[in-house]
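Structural overview
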Amino acid sequence: MPTTDPQLMEKIVSLCKRRGFVFQASEIYGGIGNTYDYGPLGVELLRNVKNSWWQRTVTTRSDVVGLDSAIIQNPKTWETSGHVSGFTDPMVDCKKCKARFRADKLDDARCPERSSKKPTECGGELTEPRAFNLMFKTNIGAAESTSSVAYLRPETAQGIFLNFMNVLQSSRVKPPFGIAQIGKSFRNEITPGNFVFRTREFEQCEMEFFVPPAQNEQWYDYWRKERMQWYLDLGFDAGKLRMREHDKSELAHYSTGTTDIEYEYPFGWGELEGIACRTDFDLKRHSEASGVDLRYFDPETKERYFPFVIEPAGGVNRIALTAMIDGYVEEQVEGETRALLRFHPEIAPITVGVFPLVKKEGMPEKALEIEAELRRARLSTYYDQSAAIGRRYRRQDEIGTPFCVTVDGDTLKDDVVTVRHRDSMQQERVKVGELRAYLLASIGAWKRPPLG
Ligand code: GAP
């Protein structure tokens, strides 16, 4: 049985709105079904998640290069990839209240008319399941006709396959190597929900790793471990992460094997990322349909072959949401509840809060000077001089700021500030001249503190 905690989810949703992580999209017009905008803190969190993923997957490796392909591709792309015919979910309608549900997710569904009720509990009968294609259709150009139909991409992966030969010919890469991409994808989900967990517009971070067919298993194993390790290095709770192998009936049309990295959310276990063996399915199909030979020619063996593909595919919004859920802690401090987000400092929206102890005696000026210096050193900062110092610390704790720097009366004499750590609340005196190096070392040394 999954352990569910609706209260935690409510707290996260409320924190997101109150502190400017996530807002309902088109809110002043009453919103638009399960669509969200990211506020000043949310956009920093997303950007940091993407940077961390890119650093790990591309920048620090010599065998992966990047790509940014178009969202709207030639519609033949999606016919060939199997998405026009096969990218469907089974859908049922309630004959009474007309609500629409995913037939394979009825257990998780709620009647939209009465959210406490499950489908059919309104007394309605469900239709037989029908296949519903999840791709958003649009039209290119001024005239709408069948020949102008195009699709918003439902995955970023296909743009990578279409550019396989371009990358091979323009970059010095050869299998085994990967092409990585981060970008928006769109799916007309029948039942979006659980806040930003499942939405119709979302961002993916995907990488197609092209390998000689004989090395398929070895790299599948490698990427499963490597992707799990990234979440552990970000400080996610190992006890809430697991790998789950898909059984045959669940596999996507292109996959011979898929492992999901799952997280135990407040609403139960759910997919955080999938690692799939796509074999040579996509390159072969695009080769056949386009007439362009997409085989790799190995100059050593003189062999021409379609590489097999291992694909780690994650969702940026889902990773950011998971970081919030995983990092959210409430603890009792001096008779008060302290709420904090224990983000890895690398992904925290703000790295350093800078405060004068009081709003006088030259302390604000000195604090602003230090803040400007840290900003110049590319650290993300927040200056705050309002309210008691304890309140200011709490406000930063709640949005996950790992360090706060306080300027007091002594600072003006000895150029030493207090650095206060979010997780331990410990304070240290650090020379202003050594502050940047101290903070960078603390970011590098950060470890998830033990629970409790
Ligand atoms: N190219 C393979 C692929 O797209 P997927 O499992 O359908 O695989 C990969 O998607 C990841 O994208 C998921 O693990 C999830 O994190 C994210 N994702 C998928 N659908 C989503 C949605 N509707 N809302 C938010 N994130 C989604």
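Given the structure is predicted, the values throughout are model-derived calculations rather than measurements.

Observations regarding the packing of helix H2 (residues 40-59) against helix H7 (residues 216-233)
Running from N to C, H2 and H7 point in directions that differ by 135°, and their axes come no closer than 12 Å. Taken together, the axes of H2 and H7 are oblique relative to one another. Between H2 and H7 lies a crossing whose hand is right-handed. Of H7, the residues touching H2 (which contributes Val49, Ser52, Trp53, Arg56 and Thr57) are Glu226, Arg227, Gln229, Trp230 and Asp233.

Description of the nonpolar core
One finds Phe21, Leu272, Met324 and Phe343 to be the most contacted residues of the largest nonpolar core, which totals 54 residues. Among the elements that take part in this core, helix H9 (residues 316-327) stands out by supplying 7 residues, more than any other. Aside from chain neighbours lying at most four places away, what touches Leu272 is Tyr231, Phe236, Leu241, Ile261, Glu262, Tyr263, Tyr265, Gly314, Gly315, Arg318, Ile319 and Thr322. Counting 19 residues, the second largest nonpolar core, distinct from the first, contains Val352, Ile370, Leu435 and Tyr438.

Considerations on helix H10 (residues 363-376)
End to end, H10 covers 20 Å across 14 residues, agreeing with the expected 20 Å (1.5 Å per residue, within 8%). Looking at the packing, one finds that the buried side of H10 touches strand E19 (352-356), strand E20 (381-383), strand E21 (403-407), helix H12 (411-414), strand E22 (416-421) and helix H13 (435-445). Once H10 finishes, Arg378 follows within two positions and takes phi at roughly 65°, a positive value.

Topic: empty space enclosed by the protein
Where empty space is left in the structure can be found by rolling a water-sized probe over the atoms. In the structure shown here, the tally under the stated rule is 2 cavities of 30 Å³ or more. Empty space within the largest cavity amounts to approximately 70 Å³. If you trace the largest cavity, you find 13 residues lining it, with Val22, Tyr38, Ala320, Leu321 and Met324 closest to the centre. For the lining of the largest cavity, the elements supplying multiple residues, two or more each, are H2 and H9. For the lining of the largest cavity, the element with the highest residue contribution is H9, accounting for 4 residues. In terms of residue class, the lining of the largest cavity is made up of 11 nonpolar, 2 polar and no charged.

A few points about the packing of H2 against H9
Two numbers describe how H2 lies on H9: the axes approach to 9 Å, and their chain directions differ by 110°. Comparing their axes, H9 and H2 come out roughly perpendicular. The residues of H9 that touch H2, namely those facing Leu45, Leu46, Val49 and Lys50, are Val316, Asn317, Ile319, Ala320 and Met324. Residues belonging to the contact of H2 with H9 are distributed by class as follows: 7 nonpolar, 1 polar and 1 charged.

A closer look at the site of the ligand
The full set close to the ligand counts 21 residues, and Glu155, Glu189, Thr199, Glu206 and Glu271 are the nearest of them. Between an oxygen atom of the ligand and a main-chain N or O atom of Leu272, the distance comes to 3.0 Å. Within the side chain of Glu311, one N or O atom sits 2.9 Å away from a nitrogen atom of the ligand. Surface burial for the ligand is 91%, taken as the share of its 550 Å² of free accessible area covered by protein chains. Sorting the residues of the shell around the ligand by element identifies strand E10 (201-211), strand E13 (268-279) and strand E16 (308-315) as the ones contributing at least two each. For the shell around the ligand, the element with the most residues is E13, which contributes 5 residues. Considering only residue class, the shell around the ligand consists of 6 nonpolar, 5 polar and 10 charged.

Regarding the pattern of salt bridges
In this structure the tally under the stated criterion is 39 salt bridges. Close ionic contact of Asp89 with Arg102 constitutes a salt bridge, the shortest N to O distance being 3.3 Å. Taken together, the residues span a long stretch of sequence, with Asp89 in strand E4 (residues 88-93) and Arg102 in strand E5 (residues 100-102) at a distance of 13 residues. We classify Arg102 as buried; its relative accessible area is 11%. For Arg102, the salt bridge goes to Asp104, with nearest N and O atoms at 3.0 Å.

Description of the packing of aromatic side chains
Per the counting criterion, the structure on display carries 19 aromatic pairs. With a centroid separation of 5.6 Å and an interplanar angle of 40°, the aromatic rings of Tyr231 and Phe236 are classed as tilted. For Tyr231, a relative accessible area of 0% puts it in the buried group. Here the aromatic rings of Phe355 and Tyr393 are separated by 5.8 Å at their centres, their planes lie at 50°, and the arrangement is tilted. With Phe355 in strand E19 and Tyr393 in helix H11 (residues 389-398), this pair connects stretches of sequence that are 38 residues apart. Classification of Tyr393 by relative accessible area gives buried; the value is 8%. An aromatic cluster is defined as three or more aromatic residues linked by ring pairs; in this entry it consists of Phe197, Trp230, Tyr231, Phe236, Tyr263, Tyr265 and Phe267.

Here's the deal with the pairing of E21
For E21, the tally of buried residues reaches 5 of 5 residues, placing the bulk of the element in the interior. In E21, alternate side chains face the same way, and those of Phe403, Val405 and Val407 on one face and Cys404 and Thr406 on the other are all buried. Taken together, the 4 bridges between E21 and E22 define a ladder with antiparallel strand orientation. Note that in E22 the partner of Thr406 across the bridge is Thr418.

Quick notes on the domain arrangement of the protein
Once the domains are mapped, the protein shows domain 1 (40-81 + 135-324), domain 2 (88-133) and domain 3 (350-445). Each of domain 1 and domain 2 has a C-alpha centre, and the two are 30 Å apart. Residue-level contacts link 6 residues of domain 1 with 8 residues of domain 2. Summing both sides of the interface, domain 1 and domain 2 together bury roughly 600 Å²; the carbon and sulfur share of this comes to 58%. Inspection of the region where domain 1 meets domain 2 yields 0 salt bridges. At the junction of domain 1 with domain 2, the criterion picks out 1 residue pair in polar contact (both at pLDDT 80 or more). Broken down by class, the residue content of the side of domain 1 that touches domain 2 amounts to 2 nonpolar, 2 polar and 2 charged.

Rules used in this analysis
Within every chain, residues take consecutive numbers counted from 1 along the sequence as written. The predicted origin of the model limits local features to residues at a pLDDT of at least 70 and limits the giving and counting of side-chain atom pairs to 80 or more, whereas totals for whole chains, interfaces and linings rest on all residues. Hydrogens and waters are ignored; side-chain quantities use all the structure's heavy atoms. Note on geometry: axes are C-alpha line fits, over the in-contact stretch for helices, and angles between N-to-C directions span 0 to 180 degrees. Going along the chain from the N terminus, every DSSP run of H or I of four or more residues is numbered as a helix, and every run of E of two or more is numbered as a strand. In these notes the angle categories are as follows: under 35 degrees is roughly parallel, over 145 is roughly antiparallel, 65 to 115 is roughly perpendicular, and the rest is oblique. In this scheme the crossing of two helices becomes right-handed for a clockwise turn of the near helix relative to the far one and left-handed for an anticlockwise turn of less than a right angle. The contact criterion used throughout is that any non-hydrogen atoms of two residues lie within 4.5 Å. To qualify as a nonpolar core, a set must consist of buried Ala, Val, Leu, Ile, Met, Phe, Trp, Tyr and Cys residues joined through side-chain atoms within 4.5 Å. Here the term buried applies to any residue with accessible area under 20% of the maximum for its type, exposed to any over 50%, and partly exposed to those in between, with areas from a 1.4 Å probe on protein chains only. Helix span, as expected, comes to 1.5 Å for every residue beyond the first. Cavities and pockets are found on a 1 Å grid laid over the protein atoms alone: a cavity is a set of points where a 1.4 Å probe fits but cannot escape, a pocket is an open set with protein on both sides within 12 Å along at least five of seven lines, and a lining residue has an atom within 4 Å of such a point. Grid points are joined across faces, edges and corners, and a volume is the space filled by probe spheres set on the points. Gly counts as polar in this scheme, as do all residues outside two lists: the nonpolar Ala, Val, Leu, Ile, Met, Phe, Trp, Tyr, Cys and Pro, and the charged Asp, Glu, Lys and Arg. Summary of the distance rule: residues count as near a molecule or strand when at least one heavy atom falls within 4 Å of that molecule or strand. Pairs of N or O atoms are called polar contacts if they sit within 3.5 Å, as long as, within protein, a hydrogen donor faces a hydrogen acceptor (for residues adjacent in sequence, only side-chain-to-side-chain pairs). Each accessible area is a Shrake-Rupley result for a 1.4 Å probe, and residues are judged covered by the shown protein chains and nothing else. Whenever Lys or Arg places a side-chain nitrogen within 4 Å of a carboxyl oxygen from Asp or Glu, that contact is recorded as a salt bridge. Pairing of aromatic side chains requires ring centres within 6.5 Å, counting the rings of Phe and Tyr and the six-membered ring of Trp. Pairs whose planes differ by under 30 degrees are stacked, by over 60 edge-to-face, and all others tilted. DSSP bridges decide pairing: two strands pair if at least two such bridges lie between them. Domain delimitation in this document rests on an assignment produced automatically or drawn from a domain database. What gets called buried area is simply the loss in accessible area from a 1.4 Å probe that two parts show on being joined, summed for both.

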